[in-house]
Amino acid sequence: MIDAELLTMAYPPLLVFAAALLVLVLPRIVGFAAGALSLAAVLAISLVVPEDSYLTGTFLGFDVVPFYVDGFSQMIGIGLGFLGVCTVIYAYSSGASRELVAIALAYVASSLGAAFAGDWLVLVFMWELMAVTSTLVVWHYGGDAVRAGFRYALFHGTGGVIVLLAVVAHYVQAGTFVYDGTGIGAGLPATLAVLGMGVNVGFIGLHTWLPDTYPRPHFVASVFLSVYTTKTSAFVLYRAFPVGSESDLSIYIAYMGGLMAVYGATFALLQHDMRALLSYHIQAQLGYIVAGIGIGAGIATSEIATAGAMSHLLNNILFKSLLFMAVGVVIFRTGENDLYKLGGLWREMPLTAIGFGLGALSITAIPGFNGYVSKGMIFDAANPHYYGQPEYQALYYLLWLGAIGTLLSFIKLGYYVFFHGESDISVPDARPGQMVAMLGLGGACLLFGVWWQGLADLAPTIDAQGGHFGFTYPSGESELHPYSTSHLETAGILTAIGLVTFVVVRKPLSKLDLSDPATIVFPAGYYLGRWSMLAVTGIFAAVDAAAVGFVKGCYWIGNNPVLAVDAAARRLPLVEVEERRPADGGRPSTIHLRTGIGTSVLLLTILLTIVLWVLIN
């Protein structure tokens, strides 16, 4: 048996980053196998390493915990590791380049680093690395993805700076970067954390990078992007506002989640582009997770809300990536992104249709699938007639509207792509590796829906004893019963409303083409960024010119002191100075202060490396 302490030393991000390098240098099949094995190792470590295991160290005199394992990070590690294995298999079968997969694995490694971080300093480093590597994943495809990648980088760079400010403000309050279980400091740190993390999580108004970016790169890149940034960021939001933190911002976080669920589902319904539709549903499903985090962090702590949020996060990793995979296969085989230009593909691509169906049934919370269990916990936590408080009554209605919108969206997507009319093209079905990846994820969605006890056992705030799963909520204690008669009735009503509504709105819906009003952020952000850049570069140029002029002047004075005195004397009133022959024969003084940008970056990197080495040692 492998010693648990030895497993703790196997730092998951380092394993995956090493695999990323191997993908570049090894033969394609061997490199991809190394990538899949590294993520299988992450899955194994997440399953086996005991809770409260950690690695510690110091950096610049600060205590850091780069690797911390508790019930929450274990849960996320299991999901990200399992998904990673499936995605690498999918990428290999889809013909993705080694360069793309290497960059994507570096992105996955940074995401795992943020998820397993035990302090805010390591988190900030991994957060920024995640922004850089994910931008490279987008840029790799070229074309329209390049400009979208710049906008993506602008959003995440801004969010990262705000998160850094939150962490600094927290350190001023707490005197340490290490997690203490109470979350981010109250007041300014908490406010900054909500804003900065809200960018990555897709708060309304800060979400436009989602539908703008994810439909543009290679379809394999979209699978990676659909999970790691947003789900890791939602988990980090939980770290900032954990269960029992009793944050004053909790109710605002909860209601932002409810609004995200409605907003995302609404604009998903209006999309023609299949990946844009799925991108809006990233926001919608994150809304449920954010709502659960907000309820759990409230003054009246709700363990079922936190359990629902973390369970839905795990489930979202599974079914969201599955849906992007299924849509990716459709794009791969047909070359078409517009769902209205497809139809009848279930006869041509039955296995892909099955994969899509498993994901759609999961995300729409149909009984028997994992989304039903986790989303049901969040509904119960918000519903005042179950385990919620009266102040969450409106939130409960928002979550209901979001659920109906989700059901309508996936009925629409499945209907127009697979069932509407007859296909006028003949295309092959998914490749074997693509199908293995989709069925692996779909099987997990079905497993956690039928064997809901396994999902509940992973949720840290649910107490599993002898087949019973208990939790506390503001009014006392209760036990989890997801398949009770009342829960099944609620699911049946929701499904019936969705089906009837789709029949009524299908034709007018197909004629609607409304833009997301939040996209005003793009032109506004462009002009703000452009003029602020010009202002900053103009100021820098002026300071640079003044500094260079000062140094050159000093250099000239040092070489020509007499001429310098003469020049100064000429500026004085009532003083006459004879013209003198320059001591240097008339040749102007010169000084070389310029070097190429590459050499400058190299010299700066070497200098910073030396400084960091001296500080660490």
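Preceding this paragraph is the structure being described.
Residues numbered from 1 in each chain as written. Predicted model: local features only at pLDDT ≥ 70, side-chain atom pairs only at ≥ 80, totals over all residues. Heavy atoms only, no water.

Caption draft 1: A look at the overall build of the protein. Of regular secondary structure, the protein possesses 23 helices and five strands. Within the protein, counting contacts between residues at least 6 apart in sequence, those at least 24 apart form 79% of the total. Roughly 26,600 Å² of accessible area belongs to the protein as shown, and the carbon and sulfur atoms make up 68% of that amount. (Helix = DSSP H or I, 4+ residues; strand = E, 2+ residues; numbered from the N terminus. Contact = heavy atoms within 4.5 Å. Areas by Shrake-Rupley, 256 points an atom, 1.4 Å probe, with all protein chains shown as cover.)

Caption draft 2: Inspection of the packing of aromatic side chains at higher detail. This model, assessed by the stated rule, comprises 30 aromatic pairs. Ring centres of Y288 and F379 lie 6.2 Å apart, and the angle between their planes is 45°; on these two criteria the pair is classed as tilted. Taken as a pair, Y288 in helix α13 (residues 274-296) and F379 in helix α16 (residues 370-382) lie far apart in primary sequence, 91 residues in all. Pair check on accessibility: Y288 and F379 agree, each one buried. Grouped by ring-pair contacts, the aromatic residues Y288, F379, Y396, Y397 and W400 constitute a single cluster. Across from the ring centre of F32, 4.6 Å away, lies the NZ or CZ of R28, which sits over that ring. (Phe/Tyr/Trp six-rings, centres within 6.5 Å; stacked < 30°, edge-to-face > 60°. Buried < 20%, exposed > 50% of the residue type's maximum accessible area, 1.4 Å probe, protein only. Lys NZ or Arg CZ within 6 Å of the ring centre and 35° of its normal.)

Caption draft 3: Structural context of the nonpolar core. By size, the foremost hydrophobic cluster in this structure holds 180 residues, and its most contacted members are F241 and L413. Looking at this core element by element, the count peaks at 19 residues for helix α14 (residues 303-334). Those residues in contact with L413 that lie beyond four places of it in its chain are M274, L277, L278, V327, L339 and F356. (Core = buried A, V, L, I, M, F, W, Y, C linked by side-chain atoms within 4.5 Å.)

Caption draft 4: Spotlight on the pattern of salt bridges. Summed over all chains, the structure comprises four salt bridges. One salt bridge connects R151 with D212, and the closest N-O pair in it is separated by 2.8 Å. Here R151 is found in helix α7 (residues 144-174), whereas its partner D212 is found in helix α9 (residues 209-213), with 61 residues between them in sequence. Judged by relative accessible area, R151 falls into the partly exposed class, the value being 26%. Under the relative-accessibility criterion, D212 is labelled buried at 5%. Of the charged contacts in the structure, one is a salt bridge between R347 and E422, with a shortest N-O distance of 3.8 Å. Here R347 is found in the loop between α14 and α15 (350-363), whereas its partner E422 is found in the loop between α17 (393-419) and α18 (432-450), with 75 residues between them in sequence. Look at R347 and you get exposed, because its relative accessible area is 53%. (Salt bridge = Lys/Arg side-chain N within 4 Å of Asp/Glu carboxyl O.)

Caption draft 5: Molecular detail of the side chain of S409. Summarising the element assignment, S409 is placed in helix α17. Every residue in contact with S409, bar those within four places of it in the chain, is listed here: A265, A268, L269, L277 and H281.

Caption draft 6: Quick peek at a nonpolar patch on the surface. A grouping of F17, L21, L22, L24 and V25 is seen on the molecular surface, where their side chains present a nonpolar patch of about 450 Å² in accessible area. One can find L22 in helix α2 (residues 12-25). Note on L22: relative accessible area 37%, which makes it partly exposed. (Patch = residues over 30% accessible without salt bridge, like charges linked within 9 Å, V, L, I, M, F, W, Y side chains within 5 Å.)

Caption draft 7: Structural detail: the packing of helix α5 (residues 98-116) against helix α11 (residues 228-240). Remark: α5 packs on α11, axes separated minimally by 9 Å, with the N-to-C direction vectors making an angle of 10°. Taken together, the axes of α5 and α11 are roughly parallel relative to one another. The residues of α11 that touch α5, namely those facing Y107, V108, S111, A114 and A115, are Y228, T229, T232, F235, V236 and R239. In terms of residue class, the contact of α5 with α11 is built from seven nonpolar, three polar and one charged. (Axes fitted to C-alpha atoms, helices over the stretch in contact; angles between N-to-C directions. Parallel < 35°, antiparallel > 145°, perpendicular 65-115°, else oblique. Nonpolar A, V, L, I, M, F, W, Y, C, P; charged D, E, K, R; others polar.)

Caption draft 8: Fine view of the side chain of T406. Its place among the elements puts T406 in helix α17. Those residues in contact with T406 that sit more than four places away from it in its chain are A265, H281, Q285, I363 and T364.

Caption draft 9: The arrangement of the environment of I363 in detail. Position of I363 among the secondary structure elements: in helix α15. Taking the C-alpha atoms as reference points, I363 and N315, 48 residues apart in sequence, are found 8.5 Å from one another. In this structure I363 touches Q285, F319, K320, L323, K375, T406 and F410, once residues within four positions along its chain are discounted.

Caption draft 10: Here's a closer look at the pairing of strand β5 (residues 476-479). Examined bridge by bridge, strand β4 (residues 468-473) and β5 share four bridges and lie antiparallel to one another. Its bridge partner lying in β5, G470 is registered against E479. Hairpin connection, β4 to β5: the antiparallel pair is bridged by two residues. (Pairing = 2+ DSSP bridges.)

Caption draft 11: Layout of the pairing of strand β1 (residues 53-59). Summarising the sheet, β1 and strand β2 (residues 62-69) pair through six bridges and their orientation is antiparallel. Residue F59 lies in a different strand from β2, and its bridge partner there is F62. In this antiparallel pair of consecutive strands, β1 and β2, the connection spans two residues, and L60 shows a positive phi of 55°.

Caption draft 12: Representation of the sheet that holds β5. Here three strands make up an open sheet; going across it, the order is β3-β4-β5 and the pairing antiparallel. Pairing within the sheet leaves two strands with one partner each, and these edge strands are β3 (463-465) and β5. On average, each strand axis in the sheet is tilted by 30° relative to the strand beside it, whichever way the strands run.

Caption draft 13: Spatial organisation of α5. End to end, α5 covers 27 Å across 19 residues, agreeing with the expected 27 Å (1.5 Å per residue, within 8%). Of all the 19 residues making up α5, 16 are buried; the element is thus mostly covered by neighbouring parts of the structure. (Expected span 1.5 Å × (residues − 1).)

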